[in-house]
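What follows is the residue order along each chain.
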Amino acid sequence: SAVISQKPSRDICQRGTSLTIQCQVDSQVTMMFWYRQQPGQSLTLIATANQGSEATYESGFVIDKFPISRPNLTFSTLTVSNMSPEDSSIYLCSGGSPNTEAFFGQGTRLTVV
Amino acid sequence: GQQVMQIPQYQHVQEGEDFTTYCNSSTTLSNIQWYKQRPGGHPVFLIQLVKSGEVKKQKRLTFQFGEAKKNSSLHITATQTTDVGTYFCAGRGGTSYGKLTFGQGTILTVHP
């Protein structure tokens, strides 16, 4: 099983600023994904992070707001840009292979004030 | 797009009682997975079901995948306080290439 280290674990940010979240996997994984989760709610997929190319975004999420990088098979970043209080949430990265389990990072609890 | 509905949203049980959560997909799934998320934690993989009608057991947990591969259930026998958390099902469709669609989750509270 893979271990994903995600940081920061939490942050409080001013509106209008940007925060970059990093995920490092201890082994190569085919796929990496970014999710958003409101407390007590389900996971909503933001995008699939594609190695060496632009991420694939789900409906309602755009690259200008959530730019994603994935320079190799073990690392990815998600930036939450021009933040507003509505962006306050838990952000989770996950990794795995197409037909196997997903491993999750510990999550980043973001509060925008 | 694919939707996965999960019920109930909340379940409160006395320790020792049984617990079941159900998932239903709008489309046929290639496989379904179950995750547990403890309060303040991240989702942790429990099991994957692939075959039509498949039943798998992990100690007190029994997982089922429907014959049509559109529904699934998780049953916990004789709950313990360590079972507290949110249980999510997550389905993969035939064309989703690895993407998981999560159900809404069932928040389980176990009273000692």
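Summarised in this report is the structure supplied together with it. (Residues numbered from 1 in each chain as written. Chains lettered and ligands numbered in written order. Predicted model: local features only at pLDDT ≥ 70, side-chain atom pairs only at ≥ 80, totals over all residues. Heavy atoms only, no water.)

**Some words on the overall build of chain B**
Heads up, the condition is: In this text, helices come from DSSP runs of H or I with a minimum length of four residues, and strands from runs of E with a minimum of two, each type numbered from the N-terminal end. To get the radius of gyration, use the C-alpha atoms; to get the globule rule, take the number of residues to the power 0.38 and multiply by 2.2 Å. Should any heavy atoms of two residues lie within 4.5 Å, those residues are counted as being in contact. The Shrake-Rupley method, run with a 1.4 Å probe, gives the accessible areas here. Residue values count only the displayed protein chains as cover. Lys and Arg are tallied as positive, Asp and Glu as negative. Neither His nor the chain termini are counted. Here the site of a charge means atom NZ of a Lys, CZ of an Arg, CG of an Asp or CD of a Glu.
From N to C terminus, chain B includes zero helices and 11 strands. Put simply, chain B runs from its N terminus to its C terminus through helices and strands in the order β-β-β-β-β-β-β-β-β-β-β. For 112 residues, the compact-globule estimate of 2.2 N^0.38 gives 13 Å, and chain B sits close to it at 13 Å. Its C-alpha atoms give chain B principal-axis dimensions of roughly 45 × 25 × 20 Å. Expressed as a percentage of contacts within chain B between residues at least 6 apart in sequence, the contacts between residues at least 24 apart total 55%. With the model as given, the accessible surface of chain B reaches about 5,400 Å², and the carbon-plus-sulfur share is 53%. Separation between the mean location of the 11 positive side-chain charges and that of the 6 negative ones in chain B comes to 12 Å.

**Regarding the state of the cysteines**
Residue and element names in this part refer to chain A. Operational definition: By definition, disulfides here are pairs of cysteine sulfur atoms that lie within 2.5 Å.
Tallying each qualifying case throughout the model produces two disulfides over all chains. Residue pairing for Cys23: its cysteine sulfur links by disulfide to Cys93, the two sulfurs lying 1.7 Å apart. Its torsion about the S-S bond being -90°, the disulfide of Cys23 and Cys93 is classed as left-handed. Taken together, the residues span a long stretch of sequence, with Cys23 in strand β3 (residues 19-25) and Cys93 in strand β9 (residues 89-96) at a distance of 70 residues.

**Concerning the sheet that holds strand β7 (residues 61-65) of chain B**
Residues and elements named next belong to chain B. Keep this limit in mind: The pairing criterion for strands is at least two bridges between them, as found by DSSP. Think of each axis as a best-fit line through the C-alpha atoms, taken over the contacting stretch in the case of a helix, with angles from 0 to 180 degrees between the N-to-C directions.
An order of β1-β3-β8-β7-β6 is seen for the five strands of this open sheet, with the pairing classed as antiparallel. Strands with a single pairing partner mark the edges of an open sheet, and in this sheet they are β1 (4-7) and β6 (55-58). Strand after strand, the sheet turns through a mean of 15° between neighbouring axes, direction not considered. Pairing of β6 with β7, which is carried by four bridges, proceeds in the antiparallel orientation. When the bridges of β7 are listed, Val55 appears paired with Gln64.

**Quick notes on the side chain of Gln37(B)**
How we decide: Exposure classes here rest on a 1.4 Å probe applied to the protein chains alone. A residue is buried below 20% of its type maximum, exposed above 50%, and partly exposed in between.
When you line up the elements, Gln37(B) lands in strand β4 (residues 29-37). Judged by relative accessible area, Gln37(B) falls into the buried class, the value being 9%. Discounting residues that sit within four places of it in the chain, Gln37(B) has contacts with Gln37(A), His42(B), Pro43(B), Gly85(B), Thr86(B) and Phe88(B).

**Description of the nonpolar core**
The condition that has to hold: What we call a nonpolar core is a set of buried Ala, Val, Leu, Ile, Met, Phe, Trp, Tyr and Cys residues that are connected through their side-chain atoms within 4.5 Å.
Membership of the largest hydrophobic core comes to 26 residues, with the highest contact counts inside it found for Trp34(A), Ile46(A), Phe66(A), Ile68(A), Leu78(A), Tyr91(A) and Leu110(A). For this core, the element with the most residues is β3(A), which contributes four residues. Not counting the four nearest positions on each side in its chain, Leu110(A) is found in contact with Asp11(A), Cys13(A), Leu19(A), Val80(A), Met83(A), Asp87(A), Ser88(A), Ser89(A) and Tyr91(A). Residues Trp34(B), Phe63(B), Leu74(B) and Leu108(B) belong to the second largest nonpolar core, which totals 19 residues.

**Topic: unusual backbone geometry**
Following Lys7(A), the chain continues to Pro8(A) via a peptide bond in cis, the omega torsion being 0°. Here Pro8(A) is to be found in the loop between β1 (4-7) and β2 (10-13). Backbone torsion omega between Ile7(B) and Pro8(B) reads -5°, so that peptide bond is classified as cis. Inspection of the secondary structure assignment puts Pro8(B) in the loop between β1 and β2 (10-14). Although it is not a glycine, Asn82(A) sits at a positive phi angle of roughly 45°. On the secondary structure map, Asn82(A) appears in the loop between β8 (75-80) and β9. Owing to a relative accessible area of 55%, Asn82(A) belongs among the exposed residues under this scheme.

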